[in-house]
Amino acid sequence: MTRAYFDHLSAAPLHPEALKAMMPFLGEEFGNPQSLHSYGQKAAAALDEARDQVAGLIGASAEEVYFTASGSEANNFAVKGLAQAHPGKGRHLVVSAVEHLSILNPVKSLEKLGFSTTTVPVDSAGRVDPGAVERAITKDTALVSVMTANGEVGTIQPVAEIARACRDRGVLFHTDAVAAAGSIPLDVGEMGVDALSLAGDQFYGPKGSGALFLKKGTRILPLIEGGVQESGRRAGTENVPAIVGMGRAAAVALAEMENRKSRLLPLRDRIIEDLPRAVDHVMLTGHRSLRLPHHASFCVRFIEGEGMLLGLDMQGVQASSGSACTSKALKASHVLLAMGLDHATAQGSLVFSLIEGTTAAEVDHLLEVFPPVVDRLRKMSPLYTEYLKEKAR
Amino acid sequence: MIYSDKVMDHFQNPRNVGVIADADGVGQVGNPVCGDMMTFYIKVDNDHLKDVKFQTFGCGAAIAVSSMVSEMAIGKTLDEAMHITNKLVAEQLGGLPKNKLHCSNLGADALHAAIKDYRKKQASGDEAETAAPSLEASEGCACPYCEGPLDEGDAEYCKACQIELEECPSCGGITKKGDATCVHCGEKLG
C-alpha cells in the first residue's frame, strides 16, 4: 500500500545526520558535561557545539540558548519564569487566543497566584492584530506572549510588529516558535524578541529536546532548581544525546531551509488547491499565504475528524485533527473556536503537515483516497442528511 | 490502535446505517457542541423491532456503538430493547477506551428515545405525525442529572439543578463537582 505521512507536527522522523551525531553519546561517550575529567570534557564540548548550532538557527549567540526537555517546557519556563522574575513590575499578562496549551495553562496557574490576563482575539484567518496587542498593554503588564506560527492552522503571526509595540512600552515579549523554528527563517535580532521557545523534534531532531532563547541580560526565575547546569537557570544533568541531535538537526535545517521550502511549497499548495476541489464543503483554515510552508489545514463539514483520521489511516495516509473527539480532553479546538468557527464545523478539523521526504506521488495518493473516506462518513451523518433535506426544499 | 478489533470492524463496516423514511419512532441525542450526535429510526411490528437504522456524527467509537446497538436491538421486543444498557454495548464491543465511554452512553439513549417516541405516538393515537427529529431541540450540552440544557461554552453549572458540574478527566463526560465517582464511567474523581 502507498504510504503518505502528513503528520509532521505530531512527529517527524529523526534526520540521519542527527542520529549519527547522537550515537556516540548513547554509547561510549557517556560523560557528564559537568565533570572535569576527559569524559566530561568531551560531553561539554559536544554541548557547546550544539548550543552554537541552535543559536545559529535563530540568529542568537550561544550563551543566550538554554536547553530544555521539550517545547512545552520552554514555554512554561518563559511564561512562569519571566512573569515572576520582576516582582515589582506588575502582574498583568497578554496572550493571544490561539496560543498552545503550554502557554495558556501556565497563564491559568499564574492567575491563581494573582496575575490577570488579557487574551487578544484573532481574525478568521487566525491572525493577531498588533494594534490590539498594543492596546491590551497596561502599565501593569509584565509579559506579552504571542506565538510565531500556529501548529493547528499554520498561520504566521506579525511577531516583529508585536515585539516593536512591546519594546516601545518597555514590556517583555516572548514568542512560542515551536511550530515555526526550522521551517521558516527566524532571527531573534530582527524579530526583536526577548525570549523564544523551540523544539528539536519539529525540525527532525529527537523528541525530548527543546530550548529557550533568552536575550542577554533578561532576568528569569528557574522552573527547575538545583545545580549549575545551563548557567543555573535549568538544573538537571543535561540530556547530551538529545541536545547533540537537536544541534545537528538545527544546523541541517539552517542549511536546507530554502531547499526544503522550495520543494514542499508546491506540494502544500496542491493540497490546498485540490482538496477542496475533490470534495464539497471543505474549507481551508488559517491564512492562505502567511502560513507555514509545510502546512495545509481544513475543516470538512458535516463529519468529525477522528472518523476521517481512522479512515485515512486505513488507506495509508496519516494526518491529525483538532476535533474534540480526537483530543484526549474531548474539547473542541480553542484555536478554531477563536477564529469564529462553530462547534460542528470545528469538529471536522483536519491537519496535513508535510515532511522533508513527502513526494508528489504521496499527495496524489491523498487526493485519490480522500473523497471516498469523506463520502462514507457523510452517508452516516445526520447533519449531512439534514443539509441535503434543506437544500432540496 | 486505541480501539478493539470489534470496534474497528463496526467502524469500518457499520451495520444498519441509514434513514427509515416512514419510521414508527425517531430518537435523537447529543449534538456537535458536545461531540457526538446520533439519530435512530425504528420500525415496529407486533411489539418487536422489525428494523432499526441510524445515522451518527462523531468519532469511530460513536459510529461503532451505534452500529452495535442497532444489531443488538433488531428482533427484540420493545421492553427487551429498553433493557439494552450502555454498559452492555461497551462490553459487546470488547471494551472502549475510558475517554470514549461517554460515546457508548449515547447509543442506547438514542434507541430508547426512538422507542419512547413510538410509544408516545401510539398513546396519542396520532400515527400521521412522524415528525422529523428537531435539531433545535438538542442544541447545547445537557445536564446528566436533569437532562436540561446547559449554556453553550459553560458546561460548569446547571441552573435547573443548581449544582456545579465538571468534566470527568477519565471519560470526558459531564459529572457533578465534588462527587467521589463519575456518573458515567464510575472512575474516582480527584
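Below, the structure is looked at part by part. (Residues numbered from 1 in each chain as written. Chains lettered and ligands numbered in written order. Predicted model: local features only at pLDDT ≥ 70, side-chain atom pairs only at ≥ 80, totals over all residues. Heavy atoms only, no water.)

**Regarding the sheet that holds strand E5 (residues 141–145) of chain A**
Residues and elements named next belong to chain A. In spatial order, the strands read E2-E8-E7-E6-E5-E3-E4; together these 7 strands make up an open sheet with mixed pairing. The open sheet has two edge strands with one neighbour each: strand E2 (65–68) and strand E4 (116–120). Ignoring which end each strand starts from, the neighbouring axes of this sheet average 20° apart. In this sheet, strand E7 (residues 195–199) lies alongside strand E6 (residues 172–176) in parallel orientation, the contact comprising 3 bridges. By the bridge assignment for E7, Asp 176 is matched with Ser 197. (Pairing = 2+ DSSP bridges. Helix = DSSP H or I, 4+ residues; strand = E, 2+ residues; numbered from the N terminus. Axes fitted to C-alpha atoms, helices over the stretch in contact; angles between N-to-C directions.)

**Section: the packing of helix H1 (residues 5–12) of chain B against helix H2 (residues 60–73) of chain B**
Residues and elements named next belong to chain B. Contact geometry of H1 with H2 gives a least axis separation of 8 Å together with a crossing angle of 85°. By the angle class used here, H1 and H2 are roughly perpendicular. For the pair H1 and H2, contact is made by Lys 6, Val 7, His 10 and Phe 11 and by Gly 60, Ile 63, Ala 64, Ser 67, Met 68 and Glu 71, respectively. The residue makeup of the contact of H1 with H2, split by class, is 5 nonpolar, 3 polar and 2 charged. (Parallel < 35°, antiparallel > 145°, perpendicular 65-115°, else oblique. Contact = heavy atoms within 4.5 Å. Nonpolar A, V, L, I, M, F, W, Y, C, P; charged D, E, K, R; others polar.)

**A look at unusual backbone geometry**
Of all residues except glycine, most have a negative phi; of all peptide bonds, most are trans. Residue and element names in this part refer to chain A. Within the chain, His 281 stands out as a residue other than glycine whose phi angle is a positive 55°. Inspection of the secondary structure puts His 281 in the loop between helix H8 (240–278) and strand E9 (282–284). Of note, Phe 302 is a non-glycine position whose phi angle comes to about 80°, a positive value. On the basis of relative accessibility, which here comes to 6%, the residue Phe 302 falls in the buried class. (Buried < 20%, exposed > 50% of the residue type's maximum accessible area, 1.4 Å probe, protein only.)

**Observations concerning the sheet that holds strand E3 (residues 48–57) of chain B**
Residue and element names in this part refer to chain B. Strand order in this open sheet of 3 strands is E1-E2-E3, and the pairing throughout is antiparallel. Two strands lie at the open edges of the sheet, namely strand E1 (25–30) and E3, each paired on one side alone. Averaged over all pairs of adjacent strands, the angle between strand axes in this sheet comes to 15°, irrespective of strand direction. Of the strand pairs in this sheet, E1 and strand E2 (residues 37–45) are connected by 6 bridges, and their pairing is antiparallel. Directly across from Gly 25, in E2, lies its bridge partner Ile 42.

**Brief notes about H2(B)**
Residue and element names in this part refer to chain B. End to end, H2 covers 20 Å across 14 residues, agreeing with the expected 20 Å (1.5 Å per residue, within 8%). The element H2 is largely enclosed, with a buried count of 13 among its 14 residues. Gly 75 sits one or two positions beyond H2 and adopts a positive phi of about 95°. (Expected span 1.5 Å × (residues − 1).)

**Some points on the nonpolar core**
Counting 66 residues, the largest nonpolar core has A:Phe352, A:Phe370, B:Leu49 and B:Leu111 as the members making the most contacts within it. Sequence-distant contacts of A:Phe352, that is, excluding residues within four places in its chain, are made with A:Phe6, A:Ile271, A:Leu275, A:His294, A:His295, A:Ala296, A:Phe298, A:Leu312, A:Ala319 and A:Leu366. Formed by 65 residues, the second largest nonpolar core is a distinct cluster that contains A:Leu57, A:Val144, A:Ala180 and A:Ala249. (Core = buried A, V, L, I, M, F, W, Y, C linked by side-chain atoms within 4.5 Å.)

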